[in-house]
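Residue-level structural notes
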Amino acid sequence: NENKTLDIIIKSLVAIFLVLYLGFYYFKTNPDSQFKIARNITYFANNKFTANKSYHISNFILKCSLLINPKDSFTYQVLGYNFYQLAYNNVHNEFFKEHYLQRAFTYSEKALNYAPKHTEIINTLGFCCILRENFDEAIEMFKFSLKIKPKDTVAINGLGQIYSYYKIDYKKALEYIDLNIKYDQNNLNHYFAKAWILNNLDKNKEAIEYYNKYLEKNPYSVSALTNIAGCEVKIKDYENALIHTERGLSLNPYSYYLLSSKTDILANLKKYDEAKATAQKIIDNSSFYGAHLGYFRLAKIQKLEGNTNQAEANFKIAKDIAQEFLDGEYCQSKEYDIKDLDARCRNVALFLKSFDKDKNAQNFY
């Protein structure tokens, strides 16, 4: 029985080896079939698994495809993209981020060797450079894409992102946002981006116009409601600011930004008791982030009421909390975070920069 089993195993291995040998021989002598089968496997991996964010499964299938055709640019391109996504998903874990990012660069550069003018590959390399915080190299990549394809909205978006969040050049960012609107008019996210840039340029009335365009199609966007309310507070349109703030709070009653706007509105209307109660809600509901916003507003009201000692104590608490957050693990003393969708690092940095000016300002905003 043992001999019979061993004989079956040996024959099976020989048969498998023979099938593999004949398969590889067939592919080597039929390059068209080699290309088509490998490309179909890559399409399957990309459409079935990459599209569903199952990057590890996709990568295993893609590497099998490379055994059939090791010169397929599209297979390397998808591998590069998959590893970029894995790096992005691990952006706060330096070891895994770099582990995946190195492979993203390797596979994308191989893809580029076979398809040197393929803008999707170049753009992936650009976003990889952003993850490495090599912003100047990322700019070069995206500009290279635009030389090949001047209306490439992905490259334009990448440049807008760099100048908006990392280089902090809002006038330059606005140029690219306007290009995105020109070439991709149906994408309302570009209107939101333009409104946000205009807000940062203190063009609040124009910003409100674009936020309203966005809200026409996305009336339940808490981010847009928060931002438009902030702009309206700055131009002293407290009526509309309160409408948008209350609408936002009905969707997210614990939003520290919306509660901050409400505090500002009430304080500007000299409803100090209601304003202090709202500021206290920010403090009570904040754990990871946001308490500094409540303490600062509470201190400003106390200062106006003549409670100087308590105001100074709360100003100090607000500043200390903000500085601790900026210096902590999340921001690491940087004014941005690559995956900071809520702009916490940027906002806390701006809070600290304008602390003394805002502390002494008559209005709340």
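The structure contained in this document is the topic of the report that follows.

Thresholds, definitions, all that
- In this convention, every chain numbers its residues from 1, walking through the sequence in written order.
- The predicted origin of the model limits local features to residues at a pLDDT of at least 70 and limits the giving and counting of side-chain atom pairs to 80 or more, whereas totals for whole chains, interfaces and linings rest on all residues.
- No hydrogens and no water enter the side-chain calculation; it runs on all heavy atoms of the structure.
- Only DSSP runs of H or I covering at least 4 residues are called helices, and only runs of E covering at least 2 are called strands; the numbering of each starts at the N terminus.
- Just to be clear, the radius of gyration here is over C-alpha atoms, and the globule rule we use is 2.2 Å times residues to the power 0.38.
- Working rule for contacts: check all heavy atoms of both residues, and any pair within 4.5 Å makes them a contact.
- Shrake-Rupley sampling with a 1.4 Å probe provides the accessible areas, and residues are treated as covered by the protein chains on show and by no other component.
- Charge counting follows a simple rule: Lys and Arg are positive, Asp and Glu are negative, and His as well as the terminal groups are ignored.
- Lys charges are placed at NZ, Arg charges at CZ, Asp charges at CG and Glu charges at CD.
- A pairing counts as a salt bridge when a side-chain nitrogen of Lys or Arg comes within 4 Å of a carboxyl oxygen of Asp or Glu.
- Relative accessible area decides the class of each residue, using a 1.4 Å probe on protein chains only: under 20% of the type maximum gives buried, over 50% gives exposed, and in between gives partly exposed.
- Residues enter patches when they are more than 30% accessible in relative terms and free of salt bridges; like-charged ones are connected within 9 Å and nonpolar ones (Val, Leu, Ile, Met, Phe, Trp, Tyr) within 5 Å.
- The span one expects for a helix is its residue count, reduced by one, times 1.5 Å.

Looking only at helices and strands, one finds 19 helices and zero strands in the protein. A compact globule built from 365 residues would reach a C-alpha radius of gyration of about 21 Å, whereas the protein, at 27 Å, exceeds it by more than 25%. Taking the principal axes of the C-alpha coordinates as reference, the protein spans close to 95 × 55 × 35 Å. Sequence separation of 24 or more characterises 53% of the internal contacts of the protein that already satisfy a separation of 6 or more. As displayed, the protein has an accessible area near 19900 Å², and 52% of this comes from carbon and sulfur atoms. Distance between charge centres in the protein, computed from 47 positive and 41 negative side chains, equals 5 Å.

Before going further, it helps to spend a moment on the pattern of salt bridges. Taken as a whole, this structure holds 16 salt bridges when the rule is applied. A salt bridge links Arg-39 to Asp-72, with the shortest nitrogen-to-oxygen separation between them at 2.6 Å. Linking Arg-39 in helix α2 (residues 31–50) with Asp-72 in the loop between α3 (55–68) and α4 (73–89), this pair joins segments that are 33 residues apart in sequence. Residue class for Arg-39 comes out buried when judged on its relative accessible area of 16%. Between Lys-97 and Glu-94 there is a salt bridge whose closest N-O contact spans 3.7 Å. Highlighted residues: Lys-97 and Glu-94, both in helix α5 (residues 94–114), separated by three residues, approximately one helical turn. We classify Lys-97 as buried; its relative accessible area is 6%. Shared partners join several salt bridges into a network, and the residues in it are Asp-273, Lys-276 and Glu-305.

A few words now on the side chain of Ser-255. Along the chain, Ser-255 falls in the loop between α13 (238–251) and α14 (256–268). Ser-255 gets classed as buried once you look at its relative accessible area, which sits at 9%. In this structure, Ser-255 is in contact with Thr-226 and Leu-249, ignoring residues within four places of it in sequence.

Next up on the list: unusual backbone geometry. Leaving glycine aside, a negative phi is the common case for residues, and trans is the common case for peptide bonds. A positive phi is found at Lys-53, a non-glycine position, where the angle reads about 65 degrees. Relative to the helices and strands, Lys-53 is located in the loop between α2 and α3. With phi around 55 degrees, Gln-332 is a residue other than glycine that occupies positive phi space. Take Gln-332: it is sitting in the loop between α17 (308–327) and α18 (344–353).

Now for the environment of Trp-196. With respect to the helices and strands, the residue Trp-196 is situated in helix α10 (residues 189–200). Separated by 22 residues in sequence, Trp-196 and Leu-174 have C-alpha atoms that sit 9.8 Å apart. The residues contacting Trp-196, other than those within four sequence positions of it, are Ser-164, Tyr-165, Tyr-170, Tyr-211, Asn-227 and Arg-346.

Here the focus is a nonpolar patch on the surface. Taken together, Leu-6, Ile-10 and Val-14 make up a surface patch of nonpolar side chains, about 270 Å² in accessible area. Structurally, Leu-6 is set in helix α1 (residues 2–29).

This part covers the environment of Lys-270. Within the secondary structure, Lys-270 sits in the loop between α14 and α15 (272–285). A relative accessible area of 60% places Lys-270 in the exposed class. For the pair Lys-270 and Gln-302, spaced 32 residues apart in the sequence, the C-alpha separation amounts to 12 Å.

Our focus in this paragraph is helix α6 (residues 119–131). Relative to the 18 Å expected for 13 residues at 1.5 Å per residue, α6 spans 18 Å between its end C-alpha atoms, a close match to the ideal helical length. In terms of burial, α6 is largely enclosed, as 12 of its 13 residues are buried. Inspection of α6 places Thr-119, Ile-121, Ile-122, Asn-123, Thr-124, Leu-125, Gly-126, Phe-127, Cys-128, Cys-129, Ile-130 and Leu-131 among the buried residues, and these make up the whole buried set. Where α6 is buried, its residues contact α4, α5, α7 (135–148) and α8 (153–166). Note on α6: the residue one or two positions beyond its end, Glu-133, has a positive phi of about 65 degrees.

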